[in-house]
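So the chains spell out like this:
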Amino acid sequence: MGLVARRRTPNPSDSGARGEAPRWYLLIHQLPPEPLYLRAKIRQRLAKVGAVALKNAVYVLPRLEDCLEDFEWIAQEAIAGGGEAHVCEAGFPDTSTDAALIDRFRRERDADYAELAASIRQWSRKAKRRSGTNPPEEDLPSRLARSRRRFDEISRIDFFRAKGRQKVERLLEGLERSVESEKRHGPPRRPRLPDISNRTWVTRKGIKVDRIASAWLVRRFVDGRARFRFIDPKREKARAGEITFDMVGGDFTHEGERCTFETLRERLKIADPALLPIAEIVHEIDLRDEKFGRPESRGIERVLAGIIHASPDDEERLDRGFALFDELHESFRRRKTHSKKEAKK
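Comments concerning the overall build of the protein chain
In terms of regular secondary structure, the protein chain is built from eleven helices and seven strands. Scored against the burial criterion, the 345 residues of the protein chain give a buried share of 43%. The long-range fraction of contacts in the protein chain, counting pairs at least 24 apart against all pairs at least 6 apart in sequence, stands at 71%. Accessible surface, the protein chain as shown: approximately 19300 Å² in total, 49% of it carbon and sulfur.

Okay, here's the thing in structure tokens:
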């Protein structure tokens with residue numbers, strides 16, 4: 001049972017029509033100095049359910065059944081961590097306090113909507129350059145799915161209909177129209193590659209997760225003699241006979257909701273079962289959509305971030321990245337082999 005459930009949005013005018021003040025739930029807690037992570041954990045939980053702070057240790061939510069359940073779960077976590085927590089109903093005799101609280105809830109959600117709107121606008125501007133030299137970081141359907149999920153998260157805790165909601169809805173509708181337009185025009189043309197052995201593979205400089213993983217896949221499963229070259233697409237083009245990947249108009253790149261690693265695995269029909277979890281991890285790190293819920297993704301992302309920061313040279317990033325993906329592949333290969341042996345017993 002999660003902390004956040006879909007909830008009916010209360011109408012602040014309902015109570016006024018009955019001549020009653022709005023009612024609230026309060027969570028009052030006191031946390032021990034240790035463990036240190038407990039305070040951060042409780043703050044994150046409170047932010048996720050949309051609670052507003054009255055004081056440092058007193059938080060408020062509207063008097064809704066789901067809100068009560070959220071507070072009770074958080075109270076249990078606080079108590080389990082060695083603290084104290086109490087959940088109670090509350091009403092304020094001064095109606096101006098209710099109005100001020102409702103305004104705070106709206107302002108906090110408006111800030112969330114504004115952040116999401118800025119993100120959609122920024123990415124939409126990048127998407128308009130799809131025919132340019134620099135590809136957007138994600139394709140339209142993936143970005144739409146991520147934005148929709150974030151919008152749902154905010155709207156579930158938008159108890160008092162913040163004004164920013166309508167603006168984001170319009171932006172999402174525009175993004176949806178762009179996705180539909182892209183679908184009507186069909187997927188990008190797939191170039192014919194009759195021979196991909198002993199070739200040079202070209203991609204953008206400053207390689208990160210998808211390009212590192214894709215190069216590893218090529219070298220380990222497609223062509224052990226493959227060479228790699230890194231270019232600035234603004235100043236240089238691929239040469240005749242070279243294969244381009246993870247670039248706008250590339251031979252292998254993002255297709256639909258797939259990252260380049262997934263595209264390579266799919267189109268080249270690489271059947272190794274240990275590559276499936278790796279593809280899911282690369283997808284989640286590259287597209288940041290948590291599509292598969294892989295528990296390893298954040299850890300691998302942290303290791304790759306260390307490689308990237310410590311190695312400004314792309315060739316060095318490949319060497320270290322290859323070692324990482326070799327070991328990751330071996331771990332999944334052994335796990336599947338062990339599972340098969342266990343199944344035969």
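Further notes follow.
Quick notes on the side chain of Asp251
Examined against the element boundaries, Asp251 turns out to sit in the loop between β7 (243–244) and α8 (260–267). Of the polar contacts made by the side chain of Asp251, one reaches the backbone nitrogen of Thr244; its length is 2.9 Å.

What to know about the packing of aromatic side chains
Throughout the structure, instances matching the rule amount to eleven aromatic pairs. An angle of 55° between the planes, with centres 6.0 Å apart, marks the rings of Trp24 and Phe160 as tilted. Residue Trp24 is found in strand β1 (residues 24–30), and its partner Phe160 is found in the loop between α5 (140–156) and α6 (164–185); the two are separated by 136 residues along the sequence. With 6.1 Å between their ring centres and 40° between their planes, Tyr113 and Phe151 make a pair best called tilted. You can see Tyr113 sitting in helix α4 (residues 95–127) and its partner Phe151 sitting in helix α5, a full 38 residues away along the chain. Both residues of the pair, Tyr113 and Phe151, belong to the buried class. Here the aromatic cluster, defined as three or more aromatic residues joined through ring pairs, consists of Trp201, Phe228, Phe245, Phe252 and Phe322.

Let's talk about the pattern of salt bridges
Counted by the stated rule, this structure contains 27 salt bridges. Between Arg107 and Asp103 there is a salt bridge, with its nearest N and O atoms 2.9 Å apart. Here Arg107 and its partner Asp103 are both found in helix α4, four residues apart, which amounts to about one turn of the helix. Assessed through its relative accessible area of 37%, Asp103 is described here as partly exposed.

Here we look at the sheet that holds strand β5 (residues 200–204)
Across the sheet, three strands lie side by side as β6-β5-β7; this open sheet has parallel pairing. Among the strands making up the open sheet, the edge pair consists of β6 (227–231) and β7. The pairing of β5 with β7 spans two bridges and is parallel. The residue of β7 that forms the bridge with Trp201 is Ile243.

So, the sheet that holds β1
With antiparallel pairing, four strands are arranged side by side in an open sheet as β2-β3-β1-β4. On the outer flanks of this sheet lie β2 (52–55) and β4 (84–90), each paired with one strand and no other. Averaged over all pairs of adjacent strands, the angle between strand axes in this sheet comes to 30°, irrespective of strand direction. As judged from the five bridges shared by β1 and strand β3 (residues 58–62), these two strands associate in the antiparallel manner. In the sheet register, Tyr25 faces β3, and the bridge partner there is Leu61.

Section: the packing of helix α2 (residues 37–48) against helix α3 (residues 65–80)
Viewed as axis vectors pointing N to C, α2 and α3 meet at an angle of 180°, and their least axial separation amounts to 10 Å. Taken as axis vectors, α2 and α3 run roughly antiparallel relative to one another. Along the contact surface, α2 presents Leu38, Lys41, Ile42, Arg45 and Leu46, while α3 presents Phe71, Ile74, Glu77 and Ala78. Looking at the contact of α2 with α3, its residues break down into six nonpolar, no polar and three charged.

Digging into the nonpolar core
The biggest cluster of nonpolar side chains holds 36 residues, and the ones touching the most others in it are Trp201, Phe228, Phe261, Ile278, Leu304 and Phe325. Contributions of two or more residues to this core are made by α7 (209–222), β6, α8, α9 (275–287), α10 (297–310) and α11 (314–344). For this core, the leading source of residues is α7, giving seven residues. The contacts of Ile278, once residues within four sequence positions are left out, are Trp216, Phe261, Phe325, Leu328, His329 and Phe332. Of all hydrophobic cores here, the second largest spans 28 residues; its members include Tyr25, Leu26, Leu38 and Cys67.

Basis of the calculations
- Residues numbered from 1 in each chain as written.
- Predicted model: local features only at pLDDT ≥ 70, side-chain atom pairs only at ≥ 80, totals over all residues.
- Heavy atoms only, no water.
- Helix = DSSP H or I, 4+ residues; strand = E, 2+ residues; numbered from the N terminus.
- Buried < 20%, exposed > 50% of the residue type's maximum accessible area, 1.4 Å probe, protein only.
- Contact = heavy atoms within 4.5 Å.
- Areas by Shrake-Rupley, 256 points an atom, 1.4 Å probe, with all protein chains shown as cover.
- Polar contact = N/O pair within 3.5 Å; in protein donor to acceptor, adjacent residues only side chain to side chain.
- Phe/Tyr/Trp six-rings, centres within 6.5 Å; stacked < 30°, edge-to-face > 60°.
- Salt bridge = Lys/Arg side-chain N within 4 Å of Asp/Glu carboxyl O.
- Pairing = 2+ DSSP bridges.
- Axes fitted to C-alpha atoms, helices over the stretch in contact; angles between N-to-C directions.
- Parallel < 35°, antiparallel > 145°, perpendicular 65-115°, else oblique.
- Nonpolar A, V, L, I, M, F, W, Y, C, P; charged D, E, K, R; others polar.
- Core = buried A, V, L, I, M, F, W, Y, C linked by side-chain atoms within 4.5 Å.

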